[in-house]
Amino acid sequence: MRAAVLVFPGSNCDRDLATAFRAAGFETDMVWHKDTSLPDGVDIVGVPGGFSYGDYLRCGAIAANSPICRALAAHAERGGFVFGPCNGFQILTETGLLPGALLRNAGLKYICRTVPLIVAEQDSVFTRGYAPGEEIRIPIAHHDGNYFADTDTLDRLEGEGLVAFRYAENPNGSQRDIAGILSPNRRVLGMMPHPERAADAGHGGTDGQRLFAHLTEALAAA
Amino acid sequence: MKARVHVMLKEGVLDPQGEAVRHALDSLGFDGVEGVRQGKVIELDLADGTSEARIGEMCEKLLANTVIESYRIEVL
């Protein structure tokens, strides 16, 4: 199983994400934003958290137009798996691989704490390690995590079971408490919380570990 | 030539920063400020003859996120 983690100027969760992939058994390469292709045989691409390009213009906007993101889009279009926590989620919405956008937190504050999440959808390689409706605790650390989409898009996401995670206590004003969403083929997951920061006993919580562990199993079986 | 692009959050998209500015104006004693929307202005230095359609493409592709923002182009 091979993973690739993209690295942008300003990424700061790239190593955390690579560590979580490696701990779950993935051979993992780091890929620089100026590269134009992904390593051969990559099963899943991680788009890490951080502040790519200093969050200039809009969070994720410049990264979404970087050379490696063209390769990322091609990988997703081929049916490849993609996981983007935090800034990764912002980048995935900016590339159009996921619908909607992340606005400034409704309370205007940067929020950095561990929050309860509800597993809203079990039917994906990312979430099948959890029980439907299970409450898990995962850290968030963002200033722009307020999920926005028009009503039709929100209805479609909910109708098709593409809302992967919801906040148990909405911290940032996200519409319908949405914390993470899947692409229509369920192979792209974007979420504001950081499962890679709750993937080792040393992190103070391991609720994110199952996401990576079951990913390895599911992709090995695919 | 120069052009100016005005980017604003669309109507119906919550603008918490504008709302915070409105509160601040209110606390400074400026009565009657019923709403504040905060956007951004981007000035472009362009080769002469750049078409407005071309600037529109720049807006669609990068300068604005049309999921949440609208834009207006002003050629100076």
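Scoring rules and cut-offs
Residues numbered from 1 in each chain as written. Chains lettered and ligands numbered in written order. Predicted model: local features only at pLDDT ≥ 70, side-chain atom pairs only at ≥ 80, totals over all residues. UniProt positions renumbered as here; feature names shortened; annotations may be inferred. Helix = DSSP H or I, 4+ residues; strand = E, 2+ residues; numbered from the N terminus. Rg over C-alpha atoms; globule rule 2.2 N^0.38 Å. Buried ≥ 20, exposed ≤ 12 C-beta atoms within 10 Å, placed from the backbone. Contact = placed C-beta atoms within 7 Å. Pairing = 2+ DSSP bridges. Axes fitted to C-alpha atoms, helices over the stretch in contact; angles between N-to-C directions. Nonpolar A, V, L, I, M, F, W, Y, C, P; charged D, E, K, R; others polar. pLDDT = per-residue confidence, 0-100. Core = buried A, V, L, I, M, F, W, Y, C linked by C-beta atoms within 7 Å.

An unreviewed UniProt entry annotates chain B as Phosphoribosylformylglycinamidine synthase subunit PurS originating from Roseivivax halotolerans. If you open the UniProt record of chain B and go to Subcellular location (unreviewed entry), you find "Cytoplasm". The heading Pathway (unreviewed entry) in the UniProt record of chain B holds the text "Purine metabolism; IMP biosynthesis via de novo pathway; 5-amino-1-(5-phospho-D-ribosyl)imidazole from N(2)-formyl-N(1)-(5-phospho-D-ribosyl)glycinamide: step 1/2."

Per an unreviewed UniProt entry, chain A goes by Phosphoribosylformylglycinamidine synthase subunit PurQ and derives from Roseivivax halotolerans. Under the UniProt heading Subunit (unreviewed entry), the note attached to chain A is "Part of the FGAM synthase complex composed of 1 PurL, 1 PurQ and 2 PurS subunits." Taken verbatim from the UniProt record of chain A, the Subcellular location (unreviewed entry) comment is "Cytoplasm".

Caption draft 1: Quick look at the overall build of chain A. If you tally the helices and strands in chain A, you get six helices and 11 strands. A compact globule built from 222 residues would reach a C-alpha radius of gyration of about 17 Å, and chain A, at 15 Å, matches this within 12%. In terms of principal-axis extent, the alpha carbons of chain A reach across some 40 × 40 × 35 Å. Every one of the 222 residues in chain A was classed for burial, and the buried ones make up 54%.

Caption draft 2: The arrangement of the UniProt feature "active site" (unreviewed entry) in chain A in detail. All names here are of chain A. The UniProt entry lists Cys86, His194 and Glu196 under the feature "active site" (unreviewed entry), expressed in the numbering used here. Separation in sequence by 111 residues is not matched in space for these annotated residues, since their most distant C-alpha atoms are only 10.7 Å apart. One can find Cys86 in the loop between strand S4 (81-85) and helix H4 (87-95). Those residues in contact with Cys86, other than ones at most four positions away along the chain, are Cys13, Gly49, Ala141, His142, Met192 and His194. Structurally, Glu196 can be placed in the loop between strand S11 (188-191) and helix H6 (209-221). Residue class for Glu196 comes out buried when judged on the 32 C-beta atoms lying within 10 Å of it. Excluding its chain neighbours within four sequence positions, the residues that come into contact with Glu196 are Cys13, Asp16, Leu17, Ala20, Pro85 and Gly208.

Caption draft 3: Quick peek at the sheet that holds S4(A). Residue and element names in this part refer to chain A. One open sheet accounts for nine strands, arranged S2-S1-S3-S4-S11-S10-S9-S6-S7; its pairing is mixed. Strands with a single pairing partner mark the edges of an open sheet, and in this sheet they are strand S2 (27-32) and strand S7 (135-142). Each strand of the sheet is rotated relative to its neighbour by a mean of 20 degrees, with strand direction disregarded. Here strand S6 (residues 111-119) pairs with strand S9 (residues 163-167) via three bridges, running antiparallel. Along S9, the bridge assignment pairs Val119 with Phe165.

Caption draft 4: Examining the interface of chain A and chain B more closely. Contacts between chain A and chain B engage 12 residues on the former and nine residues on the latter. When grouped by side-chain class, the residues that make up the side of chain A that touches chain B number six nonpolar, three polar and three charged.

Caption draft 5: Quick look at the confidence of the model for chain B. All names here are of chain B. When pLDDT is averaged across chain B, the result is 95; 100% of the residues are at 70 or more. Ranking the elements of chain B by mean pLDDT puts helix H1 (residues 16-27) last, at 94, and strand S2 (residues 40-45) first, at 98. Interface confidence in the predicted complex, given as ipTM, is 0.87; pTM for the same model is 0.95.

Caption draft 6: Structural view of the environment of A:Arg2. Residues and elements named next belong to chain A. Considering the arrangement of structural elements, one finds Arg2 in strand S1 (residues 2-7). C-alpha of Arg2 to C-alpha of Pro39: the two residues are 37 residues apart in sequence and 9.1 Å apart in space. With residues near it in sequence (within four places) discarded, Arg2 still touches Phe26, Glu27, Pro39, Gly41, Val42 and Asp43.

Caption draft 7: Quick peek at the sheet that holds strand S3 (residues 69-75) of chain B. All names here are of chain B. With antiparallel pairing, the three strands of this open sheet are ordered in space as S2-S1-S3. Every interior strand has two partners, whereas the edge strands, S2 and S3, have only one. Between one strand and the next, the sheet's axes are offset by a mean angle of 20 degrees, whatever the strand orientation. Against the sheet, helix H2 (residues 52-63) touches strand S1 (2-9), S2 and S3, its axis set at about 150 degrees to S3.

Caption draft 8: Looking closely at the nonpolar core. In this structure, A:Val5, A:Leu6, A:Phe21, A:Val82 and A:Ala164 are the most contacted members of the largest nonpolar core, which totals 74 residues. Counting residues per element, this core draws most heavily on S1(A), at five residues. Counting five residues, the second largest nonpolar core, distinct from the first, contains B:Cys59, B:Leu63, B:Ala64 and B:Tyr71.

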